[in-house]
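# Observations on chain architecture
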Amino acid sequence: MNIKLIIVFLIFAITFVSCDDNSEQKGDGYFRQGKYEQAIAAYDEYLKLQPSHVKSIYNRGRSYEELGDKEKARKDYERVLEIDPDNPNANLSIG
């Protein structure tokens, strides 16, 4: 395999990982503070980068639930179960 190609790939991979912001952590912090709308915005931002991140989808659902939007919460829980059918938190939240 071409060594230049490997180097380019490694640089790309390192750059991609390092570009990941801390929106998920911000969302968790907002959730703990009861700032559910800000939490949802932070999770939305993070999910643009990691659209299948189960924890962020679930926590966004919890934020929706805290705001009384049961329909959006349920959609997030169902999305979690599409990715991880055995997820106990999503199964309990839907039940």
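Reading the values: rules and limits
- Residues numbered from 1 in each chain as written.
- Predicted model: local features only at pLDDT ≥ 70, side-chain atom pairs only at ≥ 80, totals over all residues.
- Heavy atoms only, no water.
- Helix = DSSP H or I, 4+ residues; strand = E, 2+ residues; numbered from the N terminus.
- Contact = heavy atoms within 4.5 Å.
- Areas by Shrake-Rupley, 256 points an atom, 1.4 Å probe, with all protein chains shown as cover.
- Buried < 20%, exposed > 50% of the residue type's maximum accessible area, 1.4 Å probe, protein only.
- Polar contact = N/O pair within 3.5 Å; in protein donor to acceptor, adjacent residues only side chain to side chain.
- Axes fitted to C-alpha atoms, helices over the stretch in contact; angles between N-to-C directions.
- Parallel < 35°, antiparallel > 145°, perpendicular 65-115°, else oblique.
- Left-handed = near helix turned anticlockwise from the far one by under 90°.
- Nonpolar A, V, L, I, M, F, W, Y, C, P; charged D, E, K, R; others polar.

As a further point, take the overall build of the chain. Within the chain one finds six helices and zero strands. Considering only contacts in the chain between residues 6 or more positions apart, those separated by 24 or more positions represent 37%. Counting every atom, the chain has about 6500 Å² of accessible surface; 56% of that belongs to carbon and sulfur.

Turning our attention to helix 2 (residues 23-32). Burial in helix 2 covers these residues: Ser-23, Glu-24, Gly-27, Asp-28 and Gly-29. Buried-residue contacts for helix 2 involve helix 3 (36-49) and helix 4 (54-66). One or two steps after helix 2, the chain reaches Gly-34, where phi turns positive at roughly 80°.

Locating Asn-59 in the fold gives a position in helix 4. For Asn-59, the side chain forms a polar contact with the side chain of Asp-28, separated by 3.2 Å. Setting aside chain neighbours within four positions, we find Asn-59 in contact with Asp-28, Phe-31 and Tyr-43.

For the rest of this paragraph, the subject is the packing of helix 2 against helix 3. At a closest axis distance of 8 Å, the pairing of helix 2 and helix 3 adopts a crossing angle of 165°. Between helix 2 and helix 3, the interaxial angle falls into the category roughly antiparallel. In terms of crossing hand, the pair formed by helix 2 and helix 3 is left-handed. Residues Ser-23, Glu-24, Lys-26, Gly-27, Asp-28, Tyr-30 and Phe-31 of helix 2 form the contact with helix 3, whose participating residues are Tyr-36, Gln-38, Ala-39, Ala-42, Tyr-43, Glu-45 and Tyr-46. For the contact of helix 2 with helix 3, the residue count by class is seven nonpolar, three polar and four charged.

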